[in-house]
Amino acid sequence: MAVYPKLILDALAKVRYPGTGKDIVSSGMVEDDIRIDGNKVSFSLLFDKPNDPFIRSVVKAAETAILTYADSNIDIKGNIRIITRQNIRKPEEEKLLPAVKNIIAISSGKGGVGKSTVSANLAVALANMGYKVGLLDADIFGPSQPKMFQVEDARPHLEKINGRELIQPAENYGVKLLSIGFFVNKEDAILWRGSMASNALKQLISDANWGELDYFLLDLPPGTSDIHLTLVQTLAITGAIVVTTPQQVALADARKGVSMFLGEKVNVPVLGLVENMAWFTPAELPKNRYFLFGKEGGKHLAQELQIPLLGQIPIVQSICEGGDSGHPVALDREKVTGIAFHELASNLIKQIEYRNTHFAPTTKVSIIKK
């Protein structure tokens, strides 16, 4: 059977956008870029904003309609691109970190859920897999990454590069690292106003020699604050990860954290949820699981919010010991914790690839003062 554009459009006219009830062809959502190469068909769908809740369902419905009403042999799955009206604009200003491919914010709704531990071990796992990785300790008031990477005594120096004096990040386990902890006395509390903390963070981003990175991880403070707003105004963040425990009080705050990123003002895709402390496994009984904080609360929340569950990390004594000694457990790929963090890294990579293929690039947040 011959495949031609009208056949595709007639099939797509049977798909309705849930937000309006109108079909996607008459609504102008099907772009005029249908390409047919043998049995392969590709085109773009236009949505108002990148975090439209109906994107996935409309794409799936479009694929089904083409296979049902046009030709069941058409190669369409994965060939529908997503563009948004918010991203049809004049060319962007020069990118702040042009050699960085993906910027990942790692957040938690509350403290004490192991966000920094997850950040450190995820960075190490990605580096172990051969990727170029940077980690910014953006938790200005509670920096912990220097200790976790056994570089507490590091004092990053300035180096002149292309006429600019840039901070050289510390490096260990294949991860480039910067933290405000390198520049203050580790025994002193940091008593800064929000603007001071934000300016310090901007300097660690823009005045540092991060170089080429596949993944740039941002270990955010818990909750929501000026720091979060500063980051989304400074960088176009590829996506966010929210870390929680199975506990109901943590899940309630994690839900708010997801809402913050998906909100219209921030509009950063949520790549998925990480359930930390998912169960306790004794070292001597590696197959046993004891659900100390509830069972699969993070998994159920991910299903409720319709976001991926990227990983479930067990409680093992070595995780705490590894953080305190500066030897992240992800270095030991054969142990249960090392396996868990490498599975998390693999799932994250897949989700980022899907996000970059199917969604428009994230833009920096612009705050308009009235």
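This write-up is about the structure you can find in this document. Every value quoted in this text rests on a predicted model; they were computed, and no experiment measured them.

Once that is clear, we can look at the nonpolar core. Grouped together as the largest cluster of nonpolar side chains are 80 residues, with contacts concentrated most on Phe-149, Phe-216 and Phe-261. Here this core gets eight residues from one element, more than from any other, and that element is helix α3 (residues 115-128).

Attention now goes to the pairing of strand β5 (residues 133-137). Burial of β5 is extensive: five of the five residues sit out of reach of the surface. Here β5 shows two buried faces, one formed by Val-133, Leu-135 and Asp-137 and the other by Gly-134 and Leu-136. Bridge count for β5 against strand β10 (residues 213-219) is five bridges, and the pairing is parallel. By the bridge assignment, Leu-136 is partnered in β10 with Leu-218. Both β5 and strand β9 (residues 175-179) contribute to a ladder of five bridges, which runs parallel. Its bridge partner lying in β9, Gly-134 is registered against Lys-176.

Attention shifts here to unusual backbone geometry. Across residues other than glycine, the phi torsion is negative in most instances, and most of the peptide bonds are trans. Of note, Met-277 is a non-glycine position whose phi angle comes to about 55 degrees, a positive value. Its location among the elements puts Met-277 in strand β12 (residues 270-280). Under the relative-accessibility criterion, Met-277 is labelled partly exposed at 22%. You will see that Glu-296, though not glycine, has its phi angle at about 60 degrees, which is positive. Residue Glu-296 is classed as partly exposed on the basis of its relative accessible area, which comes to 23%.

Let's shift gears to the sheet that holds strand β11 (residues 239-244). Strands sit in the order β8-β9-β5-β10-β4-β11-β12-β13 across an open sheet of eight strands; the sheet is mixed. Of all strands in the sheet, those bounded by a partner on one side alone are β8 (170-172) and β13 (309-315). For this sheet, the mean angle separating the axes of adjacent strands, direction not counted, is 25 degrees. On top of the sheet, α3 reaches β4 (100-108), β5, β9, β10, β11 and β12; it is set at about 170 degrees to β10, its chief contact.

So, on to the sheet that holds strand β3 (residues 80-84). With mixed pairing, three strands are arranged side by side in an open sheet as β1-β2-β3. Sheet topology places β1 (35-37) and β3 at the edges, where each strand pairs with a single neighbour. Along the sheet, successive strands turn relative to each other by an average axial angle of 20 degrees, direction set aside. Here five bridges tie strand β2 (residues 40-47) to β3, and the two strands are oriented parallel to one another. Within the sheet, the bridge partner assigned to Leu-46 lies in β3 and is Ile-83.

Definitions and cut-offs
- Residues numbered from 1 in each chain as written.
- Predicted model: local features only at pLDDT ≥ 70, side-chain atom pairs only at ≥ 80, totals over all residues.
- Heavy atoms only, no water.
- Core = buried A, V, L, I, M, F, W, Y, C linked by side-chain atoms within 4.5 Å.
- Buried < 20%, exposed > 50% of the residue type's maximum accessible area, 1.4 Å probe, protein only.
- Helix = DSSP H or I, 4+ residues; strand = E, 2+ residues; numbered from the N terminus.
- Pairing = 2+ DSSP bridges.
- Axes fitted to C-alpha atoms, helices over the stretch in contact; angles between N-to-C directions.
- Contact = heavy atoms within 4.5 Å.

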